[in-house]
Amino acid sequence: MLDLSFIQFSLIALIFIWSGFVRSGIGFGGALFTLPFLLLVDNNPLIFLPIISIHLLFFASTTLLSDQYLRLEKPDNKVKTEVNWWFIRYSISIMLLPKIAGVIGLLVLPVDLVNLIIFGLIGAYALTYIFDKPMRSQSSLMDIVFLVIGAYISGTSLVGGPLIIAVALRHIKPNQFRSTLFVIWFILVAIKMIGFTLAGVDLQLTSALLLLPFAGIGHVIGLKTHQWLLQRDNRSFYRNIGWILLITSFVGAIQVI
(Lines give C-alpha, C1' and ligand atoms only; values in the text may rest on other atoms or scores of the structure.)
Protein backbone atom coordinates (compact mmCIF):
# COMPACT_ATOMS: atom_id res chain seq x y z
CA MET A 1 0.00 0.00 0.00
CA LEU A 2 2.79 2.44 0.89
CA ASP A 3 4.37 1.77 -2.52
CA LEU A 4 1.44 3.39 -4.34
CA SER A 5 1.87 6.78 -6.00
CA PHE A 6 0.57 10.03 -4.48
CA ILE A 7 -2.26 10.16 -7.04
CA GLN A 8 -3.30 6.60 -6.22
CA PHE A 9 -3.25 7.29 -2.48
CA SER A 10 -5.28 10.49 -2.99
CA LEU A 11 -7.93 8.57 -4.92
CA ILE A 12 -8.00 5.90 -2.22
CA ALA A 13 -8.42 8.60 0.45
CA LEU A 14 -11.47 9.99 -1.39
CA ILE A 15 -12.91 6.49 -1.72
CA PHE A 16 -12.51 5.94 2.02
CA ILE A 17 -14.44 9.15 2.73
CA TRP A 18 -17.24 7.57 0.69
CA SER A 19 -16.72 4.28 2.57
CA GLY A 20 -17.22 5.94 5.95
CA PHE A 21 -20.31 7.74 4.69
CA VAL A 22 -22.18 4.68 3.43
CA ARG A 23 -21.15 2.52 6.40
CA SER A 24 -22.61 4.86 9.03
CA GLY A 25 -25.32 6.31 6.81
CA ILE A 26 -27.14 3.10 5.93
CA GLY A 27 -25.52 0.52 8.23
CA PHE A 28 -23.75 -1.51 5.55
CA GLY A 29 -21.82 -1.06 2.33
CA GLY A 30 -18.38 -0.14 3.66
CA ALA A 31 -16.96 -2.83 1.39
CA LEU A 32 -19.81 -3.37 -1.09
CA PHE A 33 -20.00 0.27 -2.19
CA THR A 34 -16.24 0.97 -2.14
CA LEU A 35 -14.33 -2.20 -3.08
CA PRO A 36 -15.03 -1.93 -6.83
CA PHE A 37 -13.59 1.60 -6.88
CA LEU A 38 -10.54 0.52 -4.88
CA LEU A 39 -9.88 -2.39 -7.24
CA LEU A 40 -9.76 0.03 -10.16
CA VAL A 41 -6.86 1.78 -8.40
CA ASP A 42 -5.05 -1.46 -7.52
CA ASN A 43 -6.48 -4.88 -8.37
CA ASN A 44 -5.24 -6.76 -5.29
CA PRO A 45 -8.13 -7.21 -2.80
CA LEU A 46 -5.76 -8.39 -0.06
CA ILE A 47 -4.36 -4.84 0.09
CA PHE A 48 -7.72 -3.24 0.85
CA LEU A 49 -9.73 -5.86 2.73
CA PRO A 50 -7.62 -5.64 5.92
CA ILE A 51 -7.91 -1.82 5.90
CA ILE A 52 -11.69 -1.95 5.37
CA SER A 53 -11.91 -4.55 8.14
CA ILE A 54 -9.94 -2.46 10.64
CA HIS A 55 -12.05 0.61 9.88
CA LEU A 56 -15.26 -1.37 10.26
CA LEU A 57 -14.17 -2.73 13.65
CA PHE A 58 -13.34 0.79 14.82
CA PHE A 59 -16.40 2.62 13.52
CA ALA A 60 -18.88 -0.16 14.34
CA SER A 61 -17.77 -0.16 17.97
CA THR A 62 -17.81 3.64 18.29
CA THR A 63 -21.23 3.90 16.64
CA LEU A 64 -22.70 1.21 18.88
CA LEU A 65 -21.34 2.98 21.96
CA SER A 66 -22.76 6.28 20.70
CA ASP A 67 -26.19 4.71 20.08
CA GLN A 68 -26.15 3.18 23.56
CA TYR A 69 -25.30 6.58 25.06
CA LEU A 70 -28.22 8.22 23.24
CA ARG A 71 -30.63 5.56 24.49
CA LEU A 72 -29.53 5.91 28.11
CA GLU A 73 -28.77 9.62 28.40
CA LYS A 74 -31.28 11.10 25.96
CA PRO A 75 -34.54 9.14 26.31
CA ASP A 76 -36.42 11.88 24.43
CA ASN A 77 -34.37 11.19 21.26
CA LYS A 78 -36.85 10.90 18.37
CA VAL A 79 -35.19 7.90 16.70
CA LYS A 80 -34.23 5.23 19.24
CA THR A 81 -31.89 2.49 18.06
CA GLU A 82 -31.79 -1.03 19.50
CA VAL A 83 -29.86 -4.26 19.01
CA ASN A 84 -31.82 -7.43 18.23
CA TRP A 85 -29.71 -10.00 20.07
CA TRP A 86 -31.97 -12.89 19.10
CA PHE A 87 -31.27 -12.32 15.41
CA ILE A 88 -27.54 -12.02 16.09
CA ARG A 89 -27.43 -15.40 17.85
CA TYR A 90 -29.61 -16.98 15.15
CA SER A 91 -27.62 -15.67 12.17
CA ILE A 92 -24.10 -16.16 13.57
CA SER A 93 -24.86 -19.79 14.49
CA ILE A 94 -25.63 -20.43 10.81
CA MET A 95 -22.88 -18.25 9.30
CA LEU A 96 -19.86 -19.24 11.40
CA LEU A 97 -18.60 -22.22 9.37
CA PRO A 98 -19.36 -20.73 5.89
CA LYS A 99 -17.56 -17.55 6.96
CA ILE A 100 -14.41 -19.49 7.87
CA ALA A 101 -14.62 -21.40 4.58
CA GLY A 102 -14.89 -18.10 2.69
CA VAL A 103 -11.78 -16.68 4.36
CA ILE A 104 -9.86 -19.79 3.34
CA GLY A 105 -11.17 -19.37 -0.22
CA LEU A 106 -9.93 -15.77 -0.35
CA LEU A 107 -6.43 -16.89 0.63
CA VAL A 108 -6.15 -19.75 -1.87
CA LEU A 109 -8.10 -18.58 -4.95
CA PRO A 110 -6.29 -16.67 -7.76
CA VAL A 111 -6.54 -12.87 -7.44
CA ASP A 112 -8.13 -12.40 -10.88
CA LEU A 113 -10.82 -14.97 -10.10
CA VAL A 114 -11.61 -13.28 -6.76
CA ASN A 115 -11.85 -9.92 -8.55
CA LEU A 116 -14.22 -11.28 -11.18
CA ILE A 117 -16.40 -12.78 -8.44
CA ILE A 118 -16.46 -9.45 -6.62
CA PHE A 119 -17.34 -7.44 -9.72
CA GLY A 120 -19.96 -9.98 -10.77
CA LEU A 121 -21.66 -9.99 -7.39
CA ILE A 122 -21.64 -6.21 -7.10
CA GLY A 123 -23.08 -5.91 -10.62
CA ALA A 124 -25.90 -8.27 -9.63
CA TYR A 125 -26.57 -6.32 -6.43
CA ALA A 126 -26.59 -3.08 -8.46
CA LEU A 127 -29.45 -4.39 -10.60
CA THR A 128 -31.58 -5.02 -7.50
CA TYR A 129 -31.11 -1.36 -6.50
CA ILE A 130 -31.74 -0.01 -10.01
CA PHE A 131 -35.01 -1.92 -10.44
CA ASP A 132 -36.03 -1.47 -6.79
CA LYS A 133 -36.24 -5.23 -6.26
CA PRO A 134 -34.32 -5.83 -3.04
CA MET A 135 -33.66 -9.43 -2.13
CA ARG A 136 -35.93 -10.67 0.64
CA SER A 137 -36.16 -14.01 2.37
CA GLN A 138 -39.65 -15.49 2.44
CA SER A 139 -39.13 -18.59 4.59
CA SER A 140 -36.92 -20.22 7.19
CA LEU A 141 -35.28 -22.34 4.49
CA MET A 142 -34.44 -19.23 2.44
CA ASP A 143 -33.05 -17.67 5.63
CA ILE A 144 -30.54 -20.48 5.94
CA VAL A 145 -29.61 -20.47 2.24
CA PHE A 146 -29.10 -16.71 2.14
CA LEU A 147 -27.10 -16.65 5.38
CA VAL A 148 -24.81 -19.52 4.29
CA ILE A 149 -24.10 -17.99 0.88
CA GLY A 150 -23.81 -14.48 2.31
CA ALA A 151 -21.35 -15.63 4.97
CA TYR A 152 -19.17 -17.43 2.42
CA ILE A 153 -19.13 -14.39 0.12
CA SER A 154 -18.40 -12.18 3.12
CA GLY A 155 -15.45 -14.41 3.89
CA THR A 156 -14.00 -14.13 0.40
CA SER A 157 -14.71 -10.47 -0.27
CA LEU A 158 -16.78 -8.71 2.46
CA VAL A 159 -19.61 -8.10 -0.04
CA GLY A 160 -22.09 -10.66 1.26
CA GLY A 161 -24.09 -7.99 3.08
CA PRO A 162 -27.17 -7.83 0.80
CA LEU A 163 -27.87 -11.55 1.27
CA ILE A 164 -27.62 -11.23 5.05
CA ILE A 165 -29.77 -8.09 4.96
CA ALA A 166 -32.40 -10.00 2.93
CA VAL A 167 -32.85 -12.19 6.00
CA ALA A 168 -32.56 -9.35 8.51
CA LEU A 169 -35.43 -7.45 6.86
CA ARG A 170 -37.75 -10.34 7.75
CA HIS A 171 -36.84 -10.36 11.42
CA ILE A 172 -35.79 -6.94 12.71
CA LYS A 173 -37.48 -3.55 13.00
CA PRO A 174 -36.19 -0.42 11.20
CA ASN A 175 -34.87 1.12 14.43
CA GLN A 176 -32.91 -2.10 15.11
CA PHE A 177 -31.47 -2.31 11.62
CA ARG A 178 -28.17 -0.41 11.77
CA SER A 179 -27.12 -1.34 15.31
CA THR A 180 -27.94 -5.03 14.84
CA LEU A 181 -26.08 -5.19 11.54
CA PHE A 182 -23.06 -3.43 13.04
CA VAL A 183 -22.79 -6.12 15.72
CA ILE A 184 -23.01 -8.83 13.05
CA TRP A 185 -20.41 -7.11 10.84
CA PHE A 186 -18.11 -6.73 13.88
CA ILE A 187 -18.26 -10.47 14.61
CA LEU A 188 -17.81 -11.52 10.97
CA VAL A 189 -14.93 -9.11 10.38
CA ALA A 190 -13.22 -10.20 13.60
CA ILE A 191 -13.27 -13.77 12.26
CA LYS A 192 -11.75 -12.54 8.99
CA MET A 193 -9.00 -10.63 10.78
CA ILE A 194 -8.12 -13.69 12.84
CA GLY A 195 -7.82 -15.66 9.59
CA PHE A 196 -5.59 -12.97 8.05
CA THR A 197 -3.36 -13.00 11.12
CA LEU A 198 -3.01 -16.79 11.16
CA ALA A 199 -2.21 -16.81 7.42
CA GLY A 200 0.46 -14.11 7.78
CA VAL A 201 -1.37 -11.56 5.59
CA ASP A 202 -0.09 -7.98 5.89
CA LEU A 203 -2.80 -6.20 7.90
CA GLN A 204 -1.77 -2.79 6.47
CA LEU A 205 -1.94 -1.21 9.94
CA THR A 206 0.02 1.91 8.95
CA SER A 207 -2.16 2.54 5.90
CA ALA A 208 -5.30 1.89 7.93
CA LEU A 209 -4.24 4.55 10.44
CA LEU A 210 -3.35 7.02 7.67
CA LEU A 211 -6.74 6.52 6.02
CA LEU A 212 -8.72 6.54 9.28
CA PRO A 213 -9.23 10.36 9.35
CA PHE A 214 -10.62 10.27 5.80
CA ALA A 215 -13.05 7.48 6.71
CA GLY A 216 -13.87 9.49 9.83
CA ILE A 217 -14.95 12.48 7.76
CA GLY A 218 -17.37 10.29 5.81
CA HIS A 219 -18.50 8.59 9.02
CA VAL A 220 -19.57 11.86 10.63
CA ILE A 221 -21.47 12.91 7.49
CA GLY A 222 -23.11 9.49 7.35
CA LEU A 223 -24.28 9.66 10.97
CA LYS A 224 -26.18 12.84 10.18
CA THR A 225 -27.59 11.34 6.97
CA HIS A 226 -28.77 8.17 8.74
CA GLN A 227 -31.55 9.91 10.65
CA TRP A 228 -32.65 11.68 7.46
CA LEU A 229 -32.81 8.39 5.51
CA LEU A 230 -34.82 6.69 8.26
CA GLN A 231 -37.58 9.25 7.91
CA ARG A 232 -37.76 9.55 4.11
CA ASP A 233 -38.29 7.50 0.95
CA ASN A 234 -34.72 6.60 -0.07
CA ARG A 235 -35.42 4.60 -3.23
CA SER A 236 -33.90 7.21 -5.55
CA PHE A 237 -30.77 7.26 -3.36
CA TYR A 238 -30.28 3.51 -3.81
CA ARG A 239 -31.16 3.64 -7.51
CA ASN A 240 -28.43 6.19 -8.18
CA ILE A 241 -25.92 4.13 -6.21
CA GLY A 242 -27.00 1.09 -8.22
CA TRP A 243 -26.13 2.73 -11.54
CA ILE A 244 -22.74 3.83 -10.21
CA LEU A 245 -21.97 0.33 -8.97
CA LEU A 246 -23.11 -1.30 -12.21
CA ILE A 247 -20.91 0.92 -14.38
CA THR A 248 -17.92 0.52 -12.05
CA SER A 249 -18.31 -3.27 -11.92
CA PHE A 250 -18.51 -3.47 -15.72
CA VAL A 251 -15.34 -1.40 -16.14
CA GLY A 252 -13.57 -3.43 -13.47
CA ALA A 253 -14.53 -6.79 -14.99
CA ILE A 254 -13.33 -5.64 -18.43
CA GLN A 255 -10.06 -4.53 -16.86
CA VAL A 256 -9.54 -7.94 -15.22
CA ILE A 257 -10.39 -9.82 -18.42
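Cut-offs used in this document
Residues numbered from 1 in each chain as written. Predicted model: local features only at pLDDT ≥ 70, side-chain atom pairs only at ≥ 80, totals over all residues. Heavy atoms only, no water. Helix = DSSP H or I, 4+ residues; strand = E, 2+ residues; numbered from the N terminus. Buried < 20%, exposed > 50% of the residue type's maximum accessible area, 1.4 Å probe, protein only. Contact = heavy atoms within 4.5 Å. Areas by Shrake-Rupley, 256 points an atom, 1.4 Å probe, with all protein chains shown as cover. Phe/Tyr/Trp six-rings, centres within 6.5 Å; stacked < 30°, edge-to-face > 60°. Core = buried A, V, L, I, M, F, W, Y, C linked by side-chain atoms within 4.5 Å. Salt bridge = Lys/Arg side-chain N within 4 Å of Asp/Glu carboxyl O. Patch = residues over 30% accessible without salt bridge, like charges linked within 9 Å, V, L, I, M, F, W, Y side chains within 5 Å. Polar contact = N/O pair within 3.5 Å; in protein donor to acceptor, adjacent residues only side chain to side chain. Expected span 1.5 Å × (residues − 1). Bend = angle between axes of the 7 residues up to and from the residue. Axes fitted to C-alpha atoms, helices over the stretch in contact; angles between N-to-C directions. Left-handed = near helix turned anticlockwise from the far one by under 90°. Nonpolar A, V, L, I, M, F, W, Y, C, P; charged D, E, K, R; others polar.

Q: What am I meant to see in the overall build of the protein chain here?
A: Within the protein chain, the regular secondary structure consists of 10 helices and zero strands. Ordered by position from the N terminus, the helices and strands of the protein chain form the series α-α-α-α-α-α-α-α-α-α. The 257 residues of the protein chain split such that 52% are buried. The long-range share in the protein chain, meaning contacts at least 24 apart out of those at least 6 apart in sequence, stands at 82%. When the accessible surface of the protein chain is split by element, carbon and sulfur atoms take 69% of a total near 12100 Å².

Q: Before we go on, may I ask you to explain the environment of A166 in this structure?
A: Following the sequence through the fold, A166 ends up in helix α7 (residues 161-171). For A166, a relative accessible area of 1% corresponds to the buried category. Distance from A166 to P134, taken between C-alpha atoms, is 7.5 Å for residues 32 residues apart in sequence.

Q: Is there a simple way to explain the packing of aromatic side chains in this structure?
A: For any two aromatic rings, the description comes down to two numbers: the centre-to-centre distance and the angle of the planes. Here the structure, examined in full by the defined rule, presents four aromatic pairs. Centroid distance F58 to F59: 5.0 Å. Interplanar angle 80 degrees. Geometry classified as edge-to-face. Taking 6.3 Å as the distance between ring centres and 45 degrees as the angle between the ring planes, the aromatic pair formed by F87 and Y90 counts as tilted. Of this pair, F87 and Y90 both sit in helix α4 (residues 85-108), separated by three residues, roughly a single helical turn. Grouping aromatic residues by their ring pairs yields a cluster made of W86, F87 and Y90.

Q: Would you explain the nonpolar core in this entry?
A: The biggest cluster of nonpolar side chains holds 68 residues, and the ones touching the most others in it are I12, L35, M95, I184 and W185. Considering each element in turn, this core owes the most residues, 10 residues, to helix α8 (residues 174-199). Those residues in contact with I184 that sit more than four places away from it in its chain are F87, I88, S91, I92 and M95.

Q: I would appreciate a short explanation of the pattern of salt bridges in the present structure.
A: Side chains that differ in charge, positive against negative, can pair when their charged atoms come close. This structure, assessed with the given rule, holds one salt bridge. In this structure, R170 engages D143 in a salt bridge whose closest nitrogen and oxygen atoms are separated by 2.8 Å. Pair noted here: R170 is in helix α7 and D143 is in helix α6 (residues 140-157), with a separation of 27 residues, a long-range link.

Q: Help me understand a nonpolar patch on the surface in this model?
A: The grouping of L40, L116, I247, F250, V251, I254 and I257 at the surface amounts to a nonpolar patch, some 700 Å² of accessible area in total. Topologically, I247 is positioned in helix α10 (residues 235-256).

Q: Teacher, can you tell me more about the side chain of S137 here?
A: In this fold, S137 is placed in the loop between α5 (111-130) and α6. Residue class for S137 comes out buried when judged on its relative accessible area of 4%. A polar atom in the side chain of S137 sits 2.4 Å from the side chain of D143.

Q: Would you mind going over the side chain of H219 with me for this structure?
A: In this structure, H219 sits in helix α9 (residues 205-230). Accessibility expressed as a relative area gives 7% for H219, which makes it buried. Apart from residues lying up to four places away in sequence, H219 is in contact with G20, F21, S24, F59, T62 and T63.

Q: Just to check I follow, could you spell out α4 for this structure?
A: An α-helical turn contains 3.6 residues, so any two residues separated by three or four positions project in the same direction. With 24 residues, α4 should cover 34 Å at 1.5 Å per step; its first-to-last C-alpha distance of 34 Å lies within 8% of that length. Along its length, α4 reaches its greatest deviation from straightness, about 45 degrees, at M95, and the proline P98 lies no more than four positions downstream. Capping the start of α4, N84 holds a side-chain oxygen 3.3 Å from the backbone nitrogen of W86, two or three residues further along.

Q: Where do I start with unusual backbone geometry in this structure?
A: Trans peptide bonds make up most of the peptide bonds, and negative phi angles are found at most residues other than glycine. Despite not being glycine, D132 shows a phi value in the positive range, around 55 degrees. Looking at the element boundaries, D132 is found in the loop between α5 and α6. Unusually for a residue other than glycine, Q204 sits at a positive phi of about 55 degrees. Looking at the secondary structure, you find Q204 in the loop between α8 and α9.

Q: Which parts of the structure should I look at to understand the packing of α4 against α6?
A: The description of two packed helices rests on the angle between their axes and on the distance between the axes. Running from N to C, α4 and α6 cross one another at 35 degrees; their axes reach a closest spacing of 6 Å. In the crossing of α4 with α6, the sense of the turn from one axis to the other is right-handed. Contacts between α4 and α6 pair Y90, S91, I94, M95, P98, K99, A101, G102, V103, G105 and L106 from the former with S140, D143, I144, L147, V148, A151, Y152, S154, G155 and T156 from the latter. Here the residues of the contact of α4 with α6 sort into 12 nonpolar, seven polar and two charged.

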